[in-house]
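# Chains, contacts and geometry: an overview
Chain by chain, the residues:
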Amino acid sequence: MNGIYTILLLLVSNVFMTLAWYGHLKLQEMKISTGWPLILVILFCWGIALFEYMFQVPANRLGFRENGGPFSLVQLKVIQEVVSLVVFTVIAMFMFKHESFQWNHLAAFACLILAVYFVFR
């Protein structure tokens, strides 16, 4: 079960991470944060990123083999990257309608699937 909990925590963490990294661009696009100074945008994003870490750190601790989890450090990192890109793609498709999913994105995802295969081999 630790593996499933780890992946679920990583999913939630990456939603917050994506919102922290790219949500301010949507706020700017919507004319909400257009006049904000950069330091305010950074502090706003840090506030969101705090929640990312509240899920990311427990996910890594729970999933790490030396803490009783099922994953090695490298496996955790590859899982994190795959989850990150999947979450980013889903959020970007909903938040930024002008971004389109292209064939090369699909090719990149295929490479990630291969990376997961090889890291768990």
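Residues numbered from 1 in each chain as written. Predicted model: local features only at pLDDT ≥ 70, side-chain atom pairs only at ≥ 80, totals over all residues. Heavy atoms only, no water.

Time to look at the nonpolar core. Counting 10 residues, the largest nonpolar core is built from Leu10, Ala59, Phe71, Leu76, Ile79, Val83, Val87, Ile91, Met95 and Phe96. When residues in this core are grouped by element, the largest group, six residues, is from helix α3 (residues 73-95). Those residues in contact with Ile91, other than ones at most four positions away along the chain, are Val15, Thr18 and Phe96. (Core = buried A, V, L, I, M, F, W, Y, C linked by side-chain atoms within 4.5 Å. Buried < 20%, exposed > 50% of the residue type's maximum accessible area, 1.4 Å probe, protein only. Helix = DSSP H or I, 4+ residues; strand = E, 2+ residues; numbered from the N terminus. Contact = heavy atoms within 4.5 Å.)

Moving on to a nonpolar patch on the surface. Judged by side-chain polarity, Met1, Ile4, Tyr5, Ile7, Leu8 and Leu11 come together as a nonpolar surface patch covering roughly 570 Å² of accessible area. Counting through the fold element by element, Tyr5 comes out in helix α1 (residues 2-29). (Patch = residues over 30% accessible without salt bridge, like charges linked within 9 Å, V, L, I, M, F, W, Y side chains within 5 Å. Areas by Shrake-Rupley, 256 points an atom, 1.4 Å probe, with all protein chains shown as cover. Salt bridge = Lys/Arg side-chain N within 4 Å of Asp/Glu carboxyl O.)

Okay, α3 next. Each turn of an α-helix holds 3.6 residues, which means side chains three or four residues apart point in the same direction. Its 23 residues give α3 an end-to-end C-alpha distance of 32 Å, which sits within 8% of 33 Å, the value for a rise of 1.5 Å per residue. Those residues of α3 lying buried are Gln75, Leu76, Val78, Ile79, Gln80, Val83, Ser84, Val87, Thr89, Ile91, Ala92 and Met95. Among the structural elements, α1, α2 (38-63) and α4 (103-119) are those in contact with the buried residues of α3. (Expected span 1.5 Å × (residues − 1).)

Time to look at unusual backbone geometry. A positive phi is found at Lys31, a non-glycine position, where the angle reads about 65°. Mapped onto the fold, Lys31 is located in the loop between α1 and α2.

Moving on, we come to the side chain of Asn14. Mapped onto the elements of the fold, Asn14 is located in helix α1. Of the polar contacts made by the side chain of Asn14, one reaches the backbone oxygen of Leu10; its length is 2.7 Å. Leaving out residues up to four positions away in the same chain, Asn14 has contacts with Gln80, Val83, Ser84 and Val87. (Polar contact = N/O pair within 3.5 Å; in protein donor to acceptor, adjacent residues only side chain to side chain.)

For the structure on display, the rule yields seven aromatic pairs. Between Trp21 and Tyr22, the aromatic rings sit 6.2 Å apart at their centres with planes inclined by 70°, giving edge-to-face as the arrangement. Given the relative accessible area of 31%, Tyr22 is considered partly exposed. With a centroid separation of 6.0 Å and an interplanar angle of 85°, the aromatic rings of Phe71 and Phe120 are classed as edge-to-face. Taken as a pair, Phe71 in the loop between α2 and α3 and Phe120 in the segment after α4 lie far apart in primary sequence, 49 residues in all. With a relative accessible area of 38%, Phe120 lands in the partly exposed category. Linked through ring pairs, Phe16, Phe51 and Phe55 together constitute an aromatic cluster. Sitting above the plane of the Phe96 ring, Lys26 keeps its charged end 5.8 Å from the centroid. (Phe/Tyr/Trp six-rings, centres within 6.5 Å; stacked < 30°, edge-to-face > 60°. Lys NZ or Arg CZ within 6 Å of the ring centre and 35° of its normal.)

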